[in-house]
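Architecture at a glance
Below are the chains, spelled out letter by letter.
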2 protein chains.
Amino acid sequence: MKAVLITIGDEILSGDTVDTNSTFIAGQLKKIGIPVVQILTVADETDIIRKALQTACSLADLVFTTGGLGPTKDDRTKTAFAQFFNDELALDETTFQHLKNLFIKRKREHLLELNRPQAMVLSRARVFQNENGTAPCMMMDEQGKLVFCLPGVPYEVKPLMTDKIIPFLTERNSVNHLVTRSVSVVGIPESLLSEQIESWELALPPSISLSYLPVGSRIKLRLNCSGSDLEALSAQLDTEVKKLEPLIGDHVISWNGNEIQEILKEILITRQLTISTAESCTGGAVARLLTSVPGSSAYFLGGIIPYDYRKKIEILGVSAQTISEKTTVSAEVAQEMTLGCLTLFGTDIALSTTGVAGPSTDEFDNEVGTVYYSIRTKSFEKTQKLHLPHLHRNDFAQFVSQRVLQDLVEILVNTK
Amino acid sequence: MKAVLITIGDEILSGDTVDTNSTFIAGQLKKIGIPVVQILTVADETDIIRKALQTACSLADLVFTTGGLGPTKDDRTKTAFAQFFNDELALDETTFQHLKNLFIKRKREHLLELNRPQAMVLSRARVFQNENGTAPCMMMDEQGKLVFCLPGVPYEVKPLMTDKIIPFLTERNSVNHLVTRSVSVVGIPESLLSEQIESWELALPPSISLSYLPVGSRIKLRLNCSGSDLEALSAQLDTEVKKLEPLIGDHVISWNGNEIQEILKEILITRQLTISTAESCTGGAVARLLTSVPGSSAYFLGGIIPYDYRKKIEILGVSAQTISEKTTVSAEVAQEMTLGCLTLFGTDIALSTTGVAGPSTDEFDNEVGTVYYSIRTKSFEKTQKLHLPHLHRNDFAQFVSQRVLQDLVEILVNTK
């Protein structure tokens, strides 16, 4: 079974909105062993949607569309479905009742009539009710193809997928498993890494696929393997991963972690260490990355964002003299920030960032893209300078946050 | 002129990576009046890439591919290009020299030979050198089609687009302008809004396109208009937007702002107000959203993330008794957090969030998805409770942050 995703929406084509629905749906399907072979993003026009459905059905037996189901006039998805399947739209009483309950719950009963068209579904469709919005999910099951028509709001798509569609697909098909290992490598460029593991890579069994995923200065080697026997798949992957140890063992910071914040979580919990942050130019991005992991409250005690330089002095105890002599964008200030942060939060580890995210320079005329970060424990301190003038403001914050956590992981791994 | 984007990469199809390149490229092209009519995301396989090129060239005269240019074995884009254009790959001396300089700069000269294949380009291609990576951008100009082959790393794609490709396209073609207005509306559901402006919408000149973009509880009405006479376009949009005033004026929080953080910036700078944040469950997301805007240091003085409840007491002065009586997830704690935050940072406005992001409940057994936030000035305080159990951890933080800023904007707009 293979899937094609169709994203419908002018706001994606115009660059106003990032298509996260496809990422989510693809990730969910992968877990049950269904690969997505193509994603088509098309305009919200009846003819174009119909053609996309045709293409998708020629490529796969499972098709998902997202978007184009709102009550407003820029939405033509349902009409395209009706034409493609040669079916009619009819009011579905169950869906209308569901809609009514939703409006009562939201105290918007007076708007029910306006939303009546949302209860119109293809007469031959199976409906999956949307608990978090007004557009239901329709499914057509015809000529060996399953076609799902989902709304476009990510908050509505996610529960529809996890709570309704994935269980439905799992029950309908024999379950397939996809097993994945991610080996995280640092300190070696992609080209050299590829050379060092070339013979290993060429000898991989055909059932295992390998990809190189660069994330900041880390490279993730991802091995995928799918089949019906979960244990056999895991064992096979374990065997292959073990062979990497003598080849690149020194460069591996995690043998099976995915995101750097998850790798860090494992280490901090195992060693019972706590952490805090003091961020300037990253404006909360490091704390956000740390707290994006469930259970992070076990080790992340807190963070401070002393954005204004006076707050660095008042709250973190950075010396005014250091700032006037070295400016806020300096190794010394980064170091004093982690020192103050350790005291303020009483943690085992403190991280700090100070720099110029741009696009303009700061009040001290420091160069855009310059950043210093400090990593401090009670007995150790490392300061690092980066120069990233090519990164846009938000990419800069993302990149620096990833890099700081990665550096910390490397330090912790090397001081086992 | 129309464009089609092709995203090449198994990591997008597998749901491991979000495709932000397409969003960026589409946004850049829109600015010079070139609409993207389709985005195709395909696997990293020679045949499939070749077919995608064929489809793209049948739909548009401008094609961009991203991805599939790394030095490792999972990359087949160049071969597909060579086959599609019936051309050969040949070593380009200029590109090799550029690569050499890059490696010297990065102190990785010893790796140059390994990366030699990256200097192989189609013999008939025009090359745009990549200042931030090893894969250059090739452009083929054949049979009335321009086809750009870009790397996949977003940090490399962005400067290639803004500094090289957009200027090239602007010079080559007569410049077209796309003028956009975004009217932000709150407090009215999409269906009712659509009804209230129906006659206005139906009377819009055909040159203007309208879309409804829901962002949290705000709806953005986006009007697009393209043509060669910039002034005429602006005037036309102004005329149409003015007609909305009597229809929905009460619900409009911004007549031309795009992101809520940009709308807020305008208001704060105009009124010379400063702001600070105290975040628990959002873990820095509110501060991050505020600081994502260039120039935010003019009004954002800082933030605190007292993630551990003891830090709420120690740093913000939240009363231990309030916490033990009401738990940290309560209106009272949210209110004491903004009170402490105003004092700590000495700002005019303070924002706070406290809640349970999930997926597990907190130490006080509060329900997952519950959040209280407080908005406080020296003379005003508003507390709001939200219940968002359907949102995944990171969506939760995003949603709450957007909502808090939006609420603040509404309060500020209504207290002019």
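What you see is a predicted model; the values in this text were computed from it and never measured.

**Quick notes on the sheet that holds strand β3 (residues 62-66) of chain B**
Read from one edge to the other, the open sheet built from 12 strands follows the order β6(A)-β7(A)-β8(A)-β3(A)-β1(A)-β2(A)-β2(B)-β1(B)-β3(B)-β8(B)-β7(B)-β6(B), with strand pairing classed as mixed. If you trace the sheet from one side to the other, it starts and ends with β6 (126-128) of chain A together with β6 (126-128) of chain B, each paired once. Taken over all neighbouring pairs, the strand axes of this sheet differ in orientation by 15 degrees on average, direction set aside. The pairing of strand β1 (residues 3-8) of chain B with β3 of chain B spans 5 bridges and is classified as parallel. Counterpart to L5 of chain B in the pairing with β3 of chain B is F64 of chain B. Against the sheet, helix α6 (residues 154-172) of chain A engages β3 (62-66), β6, β7 (137-142) and β8 (145-150) of chain A, with an angle of about 165 degrees to β8 of chain A.

**Quick look at the domain arrangement of chain A**
All names here are of chain A. Split into domains, chain A comes out as domain 1 (3-172), domain 2 (177-254) and domain 3 (260-414). Here domain 2 and domain 3 have C-alpha centroids that lie 31 Å from each other. If you look at the interface, domain 2 gives 8 residues, while domain 3 gives 9 residues. Between domain 2 and domain 3, a total of about 700 Å² is buried, with carbon and sulfur atoms accounting for 60% of that surface. Summed over the shared surface of domain 2 and domain 3, the number is 0 salt bridges. The interface formed by domain 2 and domain 3 includes 0 residue pairs in polar contact (both at pLDDT 80 or more).

**Side note on the environment of I411 of chain A**
Residue and element names in this part refer to chain A. Mapped onto the elements of the fold, I411 is located in helix α16 (residues 393-414). Since its relative accessible area comes to 15%, I411 is described here as buried. With 31 residues separating them in the primary sequence, I411 and F380 have C-alpha atoms 9.9 Å apart. Ignoring any residue separated from it by four or fewer positions in sequence, one finds I411 in contact with I375, F380 and K382.

**Focus: the relation of the copies chain A and chain B**
At an RMSD of 0.0 Å, chain A and chain B line up after a rotation of 180 degrees and a shift of 0.0 Å along the axis. Considering both components of the superposition, the chain copies are consistent with a two-fold axis.

**Some points on the pattern of salt bridges**
Per the counting criterion, the structure on display carries 32 salt bridges over all chains. For D308 of chain A, the salt bridge identified is with R310 of chain A, shortest N-O distance 2.8 Å. Taking the shortest distance from any N to any O, the salt bridge between D407 of chain A and K382 of chain A comes out at 2.9 Å. With D407 of chain A in helix α16 and K382 of chain A in strand β17 (residues 381-387), this pair connects stretches of sequence that are 25 residues apart. D407 of chain A sits in the buried class, given a relative accessible area of 7%. A relative accessible area of 24% means that K382 of chain A is categorised as partly exposed. Sharing partners across several salt bridges, the network here consists of D16 of chain A together with K30 and R222 of chain B.

**Looking at the nonpolar core**
The biggest cluster of nonpolar side chains holds 74 residues, and the ones touching the most others in it are I275 and L351 of chain A together with I275 and L351 of chain B. Formed by 50 residues, the second largest nonpolar core is a distinct cluster that contains V4, I8 and V42 of chain A together with L53 of chain B.

**Some points on the packing of aromatic side chains**
The full count for this structure, using the stated rule, is 16 aromatic pairs over all chains. Residues F128 of chain B and F168 of chain B carry aromatic rings whose centres are separated by 5.5 Å and whose planes lie at 75 degrees to one another, so their mutual orientation is edge-to-face. With F128 of chain B in strand β6 and F168 of chain B in helix α6 (residues 154-172), this pair connects stretches of sequence that are 40 residues apart. Here F128 of chain B matches F168 of chain B in class, with each residue buried. Taken together, F64, F128, F148 and F168 of chain A form an aromatic cluster joined through their ring pairs.

Cut-offs used in this document
Residues numbered from 1 in each chain as written. Chains lettered and ligands numbered in written order. Predicted model: local features only at pLDDT ≥ 70, side-chain atom pairs only at ≥ 80, totals over all residues. Heavy atoms only, no water. Pairing = 2+ DSSP bridges. Helix = DSSP H or I, 4+ residues; strand = E, 2+ residues; numbered from the N terminus. Axes fitted to C-alpha atoms, helices over the stretch in contact; angles between N-to-C directions. Contact = heavy atoms within 4.5 Å. Domains from an automatic or database assignment. Buried area = accessible area lost by both parts, 1.4 Å probe. Salt bridge = Lys/Arg side-chain N within 4 Å of Asp/Glu carboxyl O. Polar contact = N/O pair within 3.5 Å; in protein donor to acceptor, adjacent residues only side chain to side chain. Buried < 20%, exposed > 50% of the residue type's maximum accessible area, 1.4 Å probe, protein only. Least-squares fit on C-alpha atoms with pLDDT ≥ 70 in both. Core = buried A, V, L, I, M, F, W, Y, C linked by side-chain atoms within 4.5 Å. Phe/Tyr/Trp six-rings, centres within 6.5 Å; stacked < 30°, edge-to-face > 60°.

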